[in-house]
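# Inside the fold
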Amino acid sequence: MNNPEYIRLIHKHIDGELNADEQKGLQDILDRDPKVRRIHDLLVRSVRAIGDLPLHEPPAGILENIKRHIKPARYKVRQTTFLESLFTFLEPRRGWVVAFASVLLIGIVIVSVLGPGGPENVADLSGTIGAGVPAESDFVLQGEHFKGTFQLKVVDQEYHLKGAIEHIDDFDIRIQFNPAGSVRFLENRDMDRPSEIKMIENALVLHDRGRTKFDLIFSKTRVKATSVSIEITPVGESTLEKKILMN
Amino acid sequence: MKENEDKVLVARCLKGDQRAYETLVRKYQKTIFNVIYQIVRDFSDAEDLTQTVFLKVYENLNKFNDRFKFYSWIYRIAINEGLNFIQQKKAVYELPEDYASLEKAPDRILNESEIIEQIDRALAALDPNYRVLIIMRHFLDLSYKEISDILKLPEKTVKSRLYMARQIMAKKIVEKGMDINEQS
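Calculation criteria
Position numbers for residues start from 1 in each chain and track the written sequence from start to end. By the order in which they are written, chains take letters starting at A while ligands take numbers starting at 1. In view of the model being predicted, local features appear only for residues whose pLDDT reaches at least 70, and side-chain atom pairs are presented and counted only at 80 or more, with totals across whole chains, interfaces and linings using the full set of residues. The basis for every side-chain value is the complete set of heavy atoms in the structure, and neither hydrogens nor water enter the calculation. Numbering of helices and strands runs from the N terminus, with a helix taken as a DSSP run of H or I at least four residues long and a strand as a DSSP run of E at least two residues long. Burial status follows relative accessibility: with a 1.4 Å probe on protein chains alone, a residue under 20% of its type maximum counts as buried, one over 50% as exposed, and anything between as partly exposed. Any pair of residues with heavy atoms lying within 4.5 Å of one another is described as a contacting pair. Under the convention used here, a 1.4 Å probe and the Shrake-Rupley method define accessible areas, while residue burial counts only the protein chains that appear. Only rings of Phe, Tyr and Trp enter the pairing, Trp through its six-membered ring, and a pair is recorded when the two centres are within 6.5 Å. The plane angle decides the type: under 30 degrees is stacked, over 60 is edge-to-face, the rest tilted. Pairing between two strands requires that DSSP report at least two bridges joining them. Axis definition: a line fitted to C-alpha atoms, over the contacting stretch in the case of helices. Angles run 0 to 180 degrees between N-to-C directions. Scored between 0 and 100, pLDDT is the confidence that the predictor attaches to each residue. Here a salt bridge means any side-chain nitrogen of Lys or Arg lying within 4 Å of a carboxyl oxygen belonging to Asp or Glu.

Scanning chain A from terminus to terminus reveals six helices and 10 strands. Here chain A holds 247 residues, and the buried ones make up 36% of them. Considering only intrachain contacts with a sequence separation of at least 6, the fraction spanning at least 24 residues in chain A is 63%. Just so you have it, chain A exposes about 14,500 Å², and 56% of that area is on carbon and sulfur atoms.

See the structure below:
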């Protein structure tokens, strides 16, 4: 049986695929036909509720069982050389490498032309791994419909930023350690689902929606972190900000 | 970045770094367990199948083509495992029906937790082939293109089946005499 046109429009609306004419056409039908309005609301709300279904914790021990059954010898352990490791690390970051090399080259040219030279003008990066410790570890950022509970802590040579978010819509979280280059992002653990993560101008930007959790791991570099700024932009709400100083 | 991170972990696994594989398991186990649970609707079966998926992933890691997204590959393995399991059990599900019964008047309006429960039940009562589409689109937030690639179906087919799946699910809620619409 073929669906009537309004059913097709309702599904396109759910998928965010309506053009302006279709949007108007659907709105006209919804305004004049309570039966269609009812079907529309039922479909929209039921689809939205699927995203709110609770996620079950997998039983403890799955990882251990998997480790017991895999045959590590399948993929032969081989000592990699420093150059191979460096290549593995840089290969997926080709764009960044080219950009970095270009900036470095321009920097060298500028310094060689303008700079007075001499060792007193070279930044000293020879100290120990950056030892900044957050002055505050637990905090909550709350908006009208957004609530985020966070914990920032130091584990060995890493910063761990855990977050539990409750929100009904999309949100962006922008995390910037200062100064730039004081951390490297490693991975996101303990996720409800994989979030979209990307680097924008030295800041890590995480995009997700609804209720979710994350555990972002950053490794320290030789540059000591002095602070971390966290900006949250929930759709339809003002930006929430937090800055934590490092002792 | 997430994709690159996965590809680096896969490359490390293939060089014999077992810890890299543990990181991949930790990263995806919750999502995979929940996807499989939504398909098979049994915790114990979901646990066994989750382990099977990760063992298969490990065994076939050297066949993974890194031109594609790792998560699409692992989701495909998980969804196929879940569907094969269901087919072997030869469960009988209701046939799809049309939209008309959506118009039936409800008995009462539900609160938020009842809505979630009702949706969960309606999802459980769907034919697994429809259920998997709902899960991929609205639980995993995959695009039609990604679903089409994973299920090896034309996008048009994915779309028409998903439309049907949504309608059947909504109909099952109406059949219970419940209303999840907001009070006005």
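There is more to say, and it comes next.
All right, on to the packing of aromatic side chains then. Scanning the entire structure with this criterion turns up 14 aromatic pairs over all chains. An angle of 55° between the planes, with centres 4.9 Å apart, marks the rings of Phe177(A) and Phe218(A) as tilted. Here the residue Phe177(A) occupies a position in strand β4 (residues 170-178), and Phe218(A) occupies one in strand β8 (residues 212-220), the gap between them amounting to 41 residues. We note that Phe177(A), like Phe218(A), is buried. Both rings, one in Phe70(B) and one in Trp73(B), keep their centres 5.9 Å apart while their planes meet at 50°; by these two values the pair is tilted. One end of the pair is Phe70(B) and the other is Trp73(B), both in helix α4 (residues 70-89) and three residues apart, which spans about a single turn.

Residues and elements named next belong to chain A. Within the open sheet, the five strands sit side by side as β1-β2-β3-β8-β5. Their pairing is antiparallel. The two strands at the open ends of the sheet, each matched to only one other strand, are β1 (138-142) and β5 (183-189). Across the sheet, the axes of successive neighbouring strands diverge by a mean angle of 20°, strand direction being ignored. Of the strand pairs in this sheet, strand β3 (residues 158-166) and β8 are connected by eight bridges, and their pairing is antiparallel. Each residue of the ladder has a partner; that of Lys 162, found in β8, is Asp 215.

Now for the confidence of the model for chain A. Residues and elements named next belong to chain A. Here chain A shows a mean pLDDT of 80. Residues at 70 or above account for 83%. By mean pLDDT, helix α5 (residues 82-90) is the weakest element of chain A at 67, and helix α2 (residues 20-32) is the strongest at 92. Confidence drops under pLDDT 50 across residues 116-129; counting only partners more than four residues distant or on other chains, this segment forms 10 contacts.

Now for the pattern of salt bridges. Inspection of the entire model under this criterion finds 24 salt bridges over all chains. Counted as one network, the salt bridges with shared partners bring together Glu5(A), Arg8(A), Lys12(A) and Glu22(A).

Glancing now at the confidence of the model for chain B. Residue and element names in this part refer to chain B. Mean pLDDT over chain B: 82, with 81% of residues reaching 70 or higher. Put simply, strand β1 (residues 108-109) is where chain B has its lowest mean pLDDT, 56, and helix α3 (residues 43-59) is where it has its highest, 94. Segment residues 92-106 is flagged for pLDDT under 50; beyond a separation of four residues in sequence, or across chains, it makes 41 contacts in the model. Note on the complex model: pTM 0.55, ipTM 0.77.

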